[in-house]
Amino acid sequence: MTTTLSTTSGATSSPAAPLPDDLKVTGVRVLRSEWLKFRSLRSSPLAVVVAVVGMIALGWVFSAADASRWPVMRPQARLRFDPTDVSIRGYVLAQLVIGVLGVLVVSGEYGTGMIRATFSAAPTRLPVLWAKLAIFAVVSFVVGTVSSFAAFLGGQAFLSSQHIETTLSAPGVFRAVFGVGLYLTVAGMLGVALGWLIRHTAGAIATLFGL
């Protein structure tokens, strides 16, 4: 009886066998997992297309409209006219789209219950959060920067018909256009953070719009 108890106790207290390398949770694997989940989210491609098209289309529309009414524009309005601001004004729409997508990246998992599978595979939560932020920051930066430069270049083409265009080499212009990409990245990361904190899509989106 004593021998049996000691044998059982020794088996219970023995350390668990280490996981093989192909089953260990690493930062690269968490990043890869989050990238696959982001791509598989149905709202991701739609939101990216809306952000890009909205940013470019609004910039071109505003630029074309100002170019057409330039001959009859009041002197005070001409003095306040900023060709850079007009062409990148579509960021107002893009920031909302990217921010909402950032919320959905997190709150969608909580809504469907998939977050339990995520934490079962990666029990430590911080690596998951950093991976989501990193993936979405890269996506937001690429989308925001590309659409900002496209909106600017197309807008200046419309404004050139009245010789009121500007160039990227003008003081402060490149910083403004490039800064839109950085700003949209921050807006997207804010959406991810709010989704993580509130864990409810409607509440996180309402908070994002308020901010």
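Coordinates for the structure precede this section.
(A) Looking closely at empty space enclosed by the protein. Under the definition given, this model contains one cavity of 30 Å³ or more. Space inside the largest cavity adds up to approximately 40 Å³. Elements that contribute at least two residues to the lining of the largest cavity include exactly α3 (43-69), α6 (91-112) and α8 (125-159). At four residues, the largest contribution of residues to the lining of the largest cavity is made by α8. Grouping the constituent residues of the lining of the largest cavity by class yields seven nonpolar, one polar and no charged.

(B) Spotlight on the packing of aromatic side chains. Taken as a whole, this structure holds eight aromatic pairs when the rule is applied. Aromatic side chains Trp60 and Phe158 sit 6.4 Å apart centroid to centroid with 55° between the ring planes, which places their arrangement in the tilted category. On the criterion of sequence distance, the pair formed by Trp60 in helix α3 and Phe158 in helix α8 is long-range, its members being 98 residues apart. Assessed through its relative accessible area of 37%, Trp60 is described here as partly exposed. Under the relative-accessibility criterion, Phe158 is labelled partly exposed at 36%. Looking at Arg89, its charged tip hangs above the ring of Phe62, at a distance of 5.2 Å from the centre.

(C) Representation of the pattern of salt bridges within the structure. Taken as a whole and judged by the stated rule, the model has two salt bridges. Residue Arg69 pairs with Asp66 through a salt bridge whose shortest N-O separation is 3.2 Å. With Arg69 and Asp66 both in helix α3 and three residues apart, this pair spans about one turn of that helix. Among the salt bridges present, the one from Arg89 reaches Asp85, with a minimum N-O distance of 3.2 Å. Note on Arg89: relative accessible area 31%, which makes it partly exposed.

(D) Summary view of a nonpolar patch on the surface. A cluster of nonpolar side chains, namely Val138, Val142 and Val146, defines an oily patch on the protein surface of about 270 Å² accessible area. Considering the arrangement of structural elements, one finds Val142 in helix α8. According to the relative accessible area criterion, Val142 is partly exposed, its value standing at 46%.

(E) How the structure looks around unusual backbone geometry. We note that His163 has phi near 60°; this positive angle belongs to a residue other than glycine. By the secondary structure assignment, His163 is in the loop between α8 and α9 (173-198). With a relative accessible area of 69%, His163 lands in the exposed category. In the Ramachandran plot, Arg199 falls in the positive-phi region, its phi being about 60° despite a non-glycine side chain. Mapped onto the fold, Arg199 is located in the loop between α9 and α10 (201-210).

Parameters at a glance
Residues numbered from 1 in each chain as written. Predicted model: local features only at pLDDT ≥ 70, side-chain atom pairs only at ≥ 80, totals over all residues. Heavy atoms only, no water. 1 Å grid on protein atoms, 1.4 Å probe; cavity = no way out; pocket = protein on both sides within 12 Å on 5 of 7 lines; lining within 4 Å. Points joined across faces, edges and corners; volume = space filled by probe spheres on them. Helix = DSSP H or I, 4+ residues; strand = E, 2+ residues; numbered from the N terminus. Nonpolar A, V, L, I, M, F, W, Y, C, P; charged D, E, K, R; others polar. Phe/Tyr/Trp six-rings, centres within 6.5 Å; stacked < 30°, edge-to-face > 60°. Buried < 20%, exposed > 50% of the residue type's maximum accessible area, 1.4 Å probe, protein only. Lys NZ or Arg CZ within 6 Å of the ring centre and 35° of its normal. Salt bridge = Lys/Arg side-chain N within 4 Å of Asp/Glu carboxyl O. Patch = residues over 30% accessible without salt bridge, like charges linked within 9 Å, V, L, I, M, F, W, Y side chains within 5 Å. Areas by Shrake-Rupley, 256 points an atom, 1.4 Å probe, with all protein chains shown as cover.

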